Amino acid sequence: MKDFKKSTVYQIYPKSFYDTNGDGIGDLNGVIEKLDYLKTLGIEYIWLTPFYPSPQVDNGYDISDYYNIDPSFGTLEDFKKLVEEAKARNIYIMLDMVLNHTSTEHNWFKRALNGETKYKDFYIFKEPINNESPTNWQSKFGGNVWEYVEEFNEYYLHLFDRTQADLNWDNKEVRKEIYNIVNYWLEKGVKGLRFDVINLISKPENFENDLDGDGRKFYTDGSKIHEYIRELNENTYGKYDDVITVGEMSSTTVENCIKYSNPEEKELSMVFNFHHLKVDYYKGNKWTIMDFDFKQLKGLFKVWQEDIQDGEGWNALFWCNHDQPRIVSRFGDDKEYLKESAKMLATTIHMMRGTPYIYQGEEFGMTNPYFNTIEKYRDVESINYYNILKEQGKAEDEILKILKEKSRDNSRTPVQWDDKENAGFSSGTPWIPVGKDYKRTNAEKAVNDKESIFYHYQKLIQLRKDYEIISNGKIKFILEEHEKVLAYVRNLDNITLIVLNNFFNEEVKLGLIDEYLNDKSKSEILISNYKDSPILNEELILRPFESVAYYIEA
């Protein structure tokens, strides 16, 4: 088994990765064609977002058949070839498991609507209360979580879109079906599993109105969640010694994530949490615009790094994914300091304790596309909120400004492979428009520039393999009150690593703690994003977005 503490995972959103047949949609053969590029980058695992048959209301997270490949992405034979070709390059495949809900087009749900009791019990149907929906909970995509079915005079639960009906995990038959699905893919050579919103599967025994919020407190990290994940482990991936797992944890807590990822608990290898990506939500509302709260960001990293460490759990480290805007546009500077800020953000994450995840295009600095009309957007959540914000009386230009910053489509535009037509993604018309900066920012240009963001990522990936302190060292945050710099120290035996990251486009002066500057110390720069970063001394000056990691052997 690969040591996941030394590994790096690369996330691919197949629809936008690389199209080989000219239909404007990326495919599995496109992933195969780019395996040598990924081998050059140095990653060990490819996480593929869902490619199963789906109506594509939520871009594949609404699955209608767990056992096949959607024809738009290829065939089972293509998938088998991908597993083999990747393995030949010492790369392994991680699949996305969407097990909280199915598409309403899934055969189980269709049979439920036909009145088959067995399959109705696969989902969560409730009778009206006072001629209204069972609770006042709000969907993650806007609107009520309950959809009325007239034939039954009942509602079914959907925490996401109304076409994504929540499964009833309290039903043993549902759990057995899920084990069959997971085992089916493991038998096909899959070595990694990413579980979508897995901490939402345990629903409450009694459904009641939420008088303070949107209902999430009743179903997040539910009472049976650890029991269900342990049982999933025991019946599927726990039988293997070479499969890694990661759980996407929505609105979770440190305490639960320690349980999810502590090896003694026999649940998961690691966890995603999203608290650090809500620091630009005004009063907790995503659909607003505000500068990110740097002090809050620092505090969250400290808690999630140090507390998970103390509880012997393990984090997945990430800035970007298919649900998040591009980080260099969000917390960096994608105009004047694109290269410097992208490298700084990479160093910040990759030097921490955890397993890093890179999202396609991040490794060479892809930015938000800044679409200027609603017609360019494809995401169901974005379109829903466009309409909601319009109903609230917001002006068109204000809504578009919010979408430019917050839409999930910011990360879903085609990968910019070169500066030719459609950024080299497809010979046809892409399913979503290409970002307009593809001539400046593309993979081909990055690979041909030894000072590019790409090679900074490549070095970070290799350093994690080469230096035990990065994969296994302790972490402690320092300079906690500094308003511009995020800094931490890693320690292992007689080795110290000091990581300094200036998050702003201005020069900062920095005084360092004397204990790291003694005569016995011999320091060197392990990695930096400027060619001439300063040596370690009593007073450092960091330039805009400068980032340096100092290696000290006592």
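As shown above, the structure is provided for reference.
Nothing here was measured: the structure is a model prediction, and the numbers come from that model.

Along the backbone of the protein chain there are 17 helices and 20 strands. Computed over the C-alpha atoms, the radius of gyration of the protein chain is 23 Å, within 12% of the 24 Å expected from 2.2 N^0.38 for a compact globule of 554 residues. Its C-alpha atoms give the protein chain principal-axis dimensions of about 80 × 55 × 50 Å. Each of the 554 residues in the protein chain was classed as buried or not, and the buried ones make up 62%. For the protein chain, long-range pairs separated by at least 24 residues make up 71% of all intrachain contacts whose partners lie at least 6 apart in sequence. Split by element, the accessible area of the protein chain, about 22,100 Å² in all, is 44% carbon and sulfur.

Our next topic: the pairing of strand β2 (residues 45-48). The two faces of β2 match: Tyr45 and Trp47 on one face and Ile46 and Leu48 on the other face are all buried. Where strand β1 (residues 9-12) and β2 come together, 4 bridges link them in parallel fashion. In the sheet register, isoleucine 12 faces β2, and the bridge partner there is leucine 48. For β2 and strand β3 (residues 92-97), the ladder comprises 4 bridges, and the chain directions are parallel. The residue bridging isoleucine 46 from the neighbouring strand is isoleucine 93, located in β3. Remark: the β2/helix α3 (residues 76-88)/β3 crossover connection has right-handed handedness.

As a further point, take the side chain of lysine 34. Note on placement: lysine 34 falls in the loop between α1 (28-33) and α2 (35-41). The buried charged residue lysine 34 lacks any salt bridge, with glutamate 33 as its nearest oppositely charged partner at 6.1 Å.

The next subject is the environment of serine 7. By secondary structure assignment, the location of serine 7 is in the segment before β1. Along the backbone, serine 7 and glutamate 506 are 499 residues apart, and their C-alpha atoms lie at a distance of 33 Å. Once residues lying within four places of it in the same chain are set aside, the contact partners of serine 7 are Lys2, Glu44, Tyr45, Thr355, Pro356 and Arg464. A polar atom in the side chain of serine 7 sits 2.8 Å from the backbone oxygen of aspartate 3.

What counts as what
Residues numbered from 1 in each chain as written. Predicted model: local features only at pLDDT ≥ 70, side-chain atom pairs only at ≥ 80, totals over all residues. Heavy atoms only, no water. Helix = DSSP H or I, 4+ residues; strand = E, 2+ residues; numbered from the N terminus. Rg over C-alpha atoms; globule rule 2.2 N^0.38 Å. Buried < 20%, exposed > 50% of the residue type's maximum accessible area, 1.4 Å probe, protein only. Contact = heavy atoms within 4.5 Å. Areas by Shrake-Rupley, 256 points an atom, 1.4 Å probe, with all protein chains shown as cover. Pairing = 2+ DSSP bridges. Right-handed = clockwise from strand over helix to strand, strands pointing away. Lys, Arg positive; Asp, Glu negative; His and termini not counted. Salt bridge = Lys/Arg side-chain N within 4 Å of Asp/Glu carboxyl O. Polar contact = N/O pair within 3.5 Å; in protein donor to acceptor, adjacent residues only side chain to side chain.

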